[in-house]
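Chain by chain, the residues run as shown.
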Amino acid sequence: MTLLLPGSAQLVAGNKRVGRIAIRIWVGIVGVAAVLFLLTLVWHQLAFKMAFSLFTLDLVRWLMMAAAIGWAALFVDAWRLGQPLTLVKNQRLAVVGINGVLCFSVAGTLLFGAHLVTVQRDFAALFANGPSSDAEHGRYNVLLMGGDSGAGRWGLRPDSMTVASIDEETGRTVLIGLPRNLQNFKFKPGSVMDEQFPDGFDCEGCYLNSVSTWAGDHTDLFPKSKDPGTDATISAIEGVTGLKINYWAMVNLQGFKDLVDAVGGVTLTVRDRIPVGGLGSDVTGYIEPGTRKLNGFDALWYARSREGSDDYSRMARQKCVMNAIATQISPQTVVANYSDLTSAGASMVETNLPRSEFPAFIDLAVKAKNQKISSVAIVPPAINTAEPDLQKIKDMVQKGIDKAEGRAGKPGRPKANAQTNGAAIGTRDTGYAANQSGDLASAC
C-alpha cells in the first residue's frame with residue numbers, strides 16, 4: 001500500500017492524520033507533475049526553461065530529497081504497523097527483507113534523481129544571465145571557435161572558426177567556415193580594430209587566427225571588454241562576412257573528445273587514411289578508410305589532422321563532424337548519458353550565450369536535427385586567402401543563406417566518384433564538397 005499510495009497504510013491501520021497529510025502531498029505532486037507533463041507536450045520550451053532555471057532546479061532537488069526521506073519513513077512506519085514481532089521467524093525475516101528492498105529502492109531512486117538535478121543545476125550555473133541578442137533578419141549567427149587547452153593556448157589562437165547561421169523559426173543551419181590563414185581583411189566599421197587597421201589587417205604575419213593574440217597584447221585598447229581577443233575576432237568575422245554575430249562559443253578540443261565518448265561515439269565516413277598524432281614523425285597511427293563509429297580520440301583527430309592534406313580539407317572534415325553530432329545524438333542518448341554529457345559540456349565550452357537563451361536554442365537544436373545542414377567556406381579556389389575579395393565573400397555567404405531558405409535555386413551536391421584528399425571529397429584546386437554544400441550529409 002505504501003509503495004502504490006504513500007500514506008494509505010497509515011490511513012487504514014495507523015495515524016490517520018499522518019496518512020491524510022501524506023496522501024494529499026502525494027496527490028498534489030502527481031497532479032502538478034501531470035499538468036506540467038501535458039503543458040510540455042504542447043510547449044516544449046517550458047521543459048527547457050525549467051531545466052535552466054536555478055530556482056526551479058533547487059526546488060525540485062529539495063523536494064526529491066524530502067520525498068525520499070518522507071517515503072522511507074512511511075515504509076518504516078508501515079513495517080511497525082504490521083506488528084513484525086507477532087510473526088514467526090521466517091515471516092518476520094521476509095517482511096523485513098521486502099520492506100527494506102522497497103524502502104531503499106524508492107528512496108535510492110529519488111536521491112539519484114536529486115543527484116541528476118544537482119548535476120544539471122551545476123551545469124546551468126556555469127552560464128551567466130547576460131543580455132540577450134535579437135535575431136538578425138530572422139537568423140541567429142553564432143561564432144564557433146575551436147582551440148587547444150594546452151598551456152598558454154586556451155582562448156588565444158583559435159585553430160577553427162565557423163559561423164553557424166540558424167533560422168530562428170525552423171532551425172535550418174548554414175555553417176560558414178573561415179580559414180585561419182585569411183589575410184588583408186577589414187574589420188567591422190567603427191570597431192576598435194577598424195580604427196587600428198583602417199586599411200585592413202595587413203601587417204606581417206597577421207592572419208585571422210592571430211587577431212585574438214594581437215588584441216591580447218593590446219588590452220588597453222579594450223577597457224570595457226572582458227575578453228578582448230574574442231571581441232576583436234568577432235569584429236573581424238563581422239567585417240569579413242557582413243553578418244552580425246549574436247553569440248560566440250569557444251570549444252576546447254580535449255573536452256570535445258570527452259563529449260563524443262559520452263554519447264558512445266559518432267559514425268563518420270573515412271575516405272582516406274587519416275594520420276593520428278601530429279605532423280611528420282609525430283604520427284603514431286592511422287584511422288583506416290570506411291564508414292565506422294569513431295570514439296572521441298579518433299573523432300578528434302579526424303577533425304584536426306593536417307598531415308597529408310591541408311587546412312581546407314580539415315575545415316571540410318570539421319563540418320562533417322558537426323553534422324554528425326547534430327544529427328546522430330538522440331534525446332534517448334542524452335538521457336542515458338546525461339551526467340557524462342554535462343560534465344563534458346562544462347569542460348568543453350566557454351560561451352557568452354546567456355542562461356535565459358538556452359531553452360530557445362535547445363528547441364532550435366531539436367528542430368535542426370531533422371533539417372539539412374548547409375555549408376559555405378571562404379577557401380580556394382573561390383577565394384584567394386592572401387588577397388581576398390571581400391565583396392565576393394559577402395555574396396557567397398548571402399547566397400548560401402538564400403539557398404538554405406529556398407530563395408535561390410537548389411543546393412549543389414558532390415559529384416559521384418570525386419577525388420578525395422584527407423577524407424574530404426574534392427581537392428584544394430577544385431574545392432571540397434563539404435565546404436560548399438546544400439546538404440552536408442551527402443557531401444560527407
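In short, a report on the structure. These numbers come from a predicted model, not from an experiment.

Rules behind the numbers
Residues numbered from 1 in each chain as written. Predicted model: local features only at pLDDT ≥ 70, side-chain atom pairs only at ≥ 80, totals over all residues. Heavy atoms only, no water. Axes fitted to C-alpha atoms, helices over the stretch in contact; angles between N-to-C directions. Helix = DSSP H or I, 4+ residues; strand = E, 2+ residues; numbered from the N terminus. Parallel < 35°, antiparallel > 145°, perpendicular 65-115°, else oblique. Contact = heavy atoms within 4.5 Å. Nonpolar A, V, L, I, M, F, W, Y, C, P; charged D, E, K, R; others polar. Patch = residues over 30% accessible without salt bridge, like charges linked within 9 Å, V, L, I, M, F, W, Y side chains within 5 Å. Areas by Shrake-Rupley, 256 points an atom, 1.4 Å probe, with all protein chains shown as cover. Salt bridge = Lys/Arg side-chain N within 4 Å of Asp/Glu carboxyl O. Lys, Arg positive; Asp, Glu negative; His and termini not counted. Charge placed at Lys NZ, Arg CZ, Asp CG, Glu CD. Buried < 20%, exposed > 50% of the residue type's maximum accessible area, 1.4 Å probe, protein only. Disulfide = S-S within 2.5 Å.

## Considerations on the packing of helix α8 (residues 228–241) against helix α15 (residues 390–404)
Here comes step 1: The interhelical angle for the contact between α8 and α15, taken along N-to-C directions, is 85°, at an axis separation of 7 Å. Of the possible angle classes, the one that applies to α8 and α15 is roughly perpendicular. In this structure, α8 contributes G239, V240 and T241 to the contact, and α15 contributes L390, I393, K394 and V397.
Here comes step 2: When its residues are assigned to classes, the contact of α8 with α15 shows four nonpolar, two polar and one charged.

## Observations regarding a positive patch on the surface
Here comes step 1: A surface patch of like charges, here positive, comprises K16, R17, R20 and R24.
Here comes step 2: Mapped onto the fold, R17 is located in helix α2 (residues 16–42).
Here comes step 3: Its relative accessible area of 59% is what places R17 among the exposed residues.

## Some words on the state of the cysteines
Here comes step 1: Applying the stated criterion across every chain, the model contains two disulfides.
Here comes step 2: Covalent S-S linkage joins C203 and C206, the inter-sulfur distance amounting to 1.4 Å. An S-S torsion of about -85° defines the bridge between C203 and C206 as left-handed.
Here comes step 3: Disulfide pairing is shown between C320 and C444; the S-S distance is 2.0 Å. Measuring the twist about the S-S bond at about -90°, one finds the C320-C444 disulfide to be left-handed. Remark: C444 occurs in the segment after α16 (440–443) and C320 occurs in helix α11 (residues 311–328); sequence separation between them is 124 residues.
Here comes step 4: Here C320 falls in the buried class, since its relative accessible area comes to 6%.

## Comments concerning the pattern of salt bridges
Here comes step 1: Taken as a whole, this structure holds twelve salt bridges when the rule is applied.
Here comes step 2: For R121, the salt bridge identified is with D58, shortest N-O distance 3.1 Å. Separated by 63 residues along the polypeptide, R121 in helix α5 (residues 89–125) and D58 in helix α4 (residues 54–81) bring together distant segments of the chain.
Here comes step 3: With a relative accessible area of 18%, D58 lands in the buried category.
Here comes step 4: A salt bridge links D311 to R314; the shortest N-O distance between them is 3.8 Å. With D311 and R314 both in helix α11, this residue pair falls three residues apart, about one helical turn.
Here comes step 5: Overall, D311 belongs to the buried group, its relative accessible area being 15%.
Here comes step 6: Take R314: its relative accessible area is 7%, and that puts it in the buried class.
Here comes step 7: One salt-bridge network, in which partners are shared between bridges, spans R180, R306, D311 and R314.

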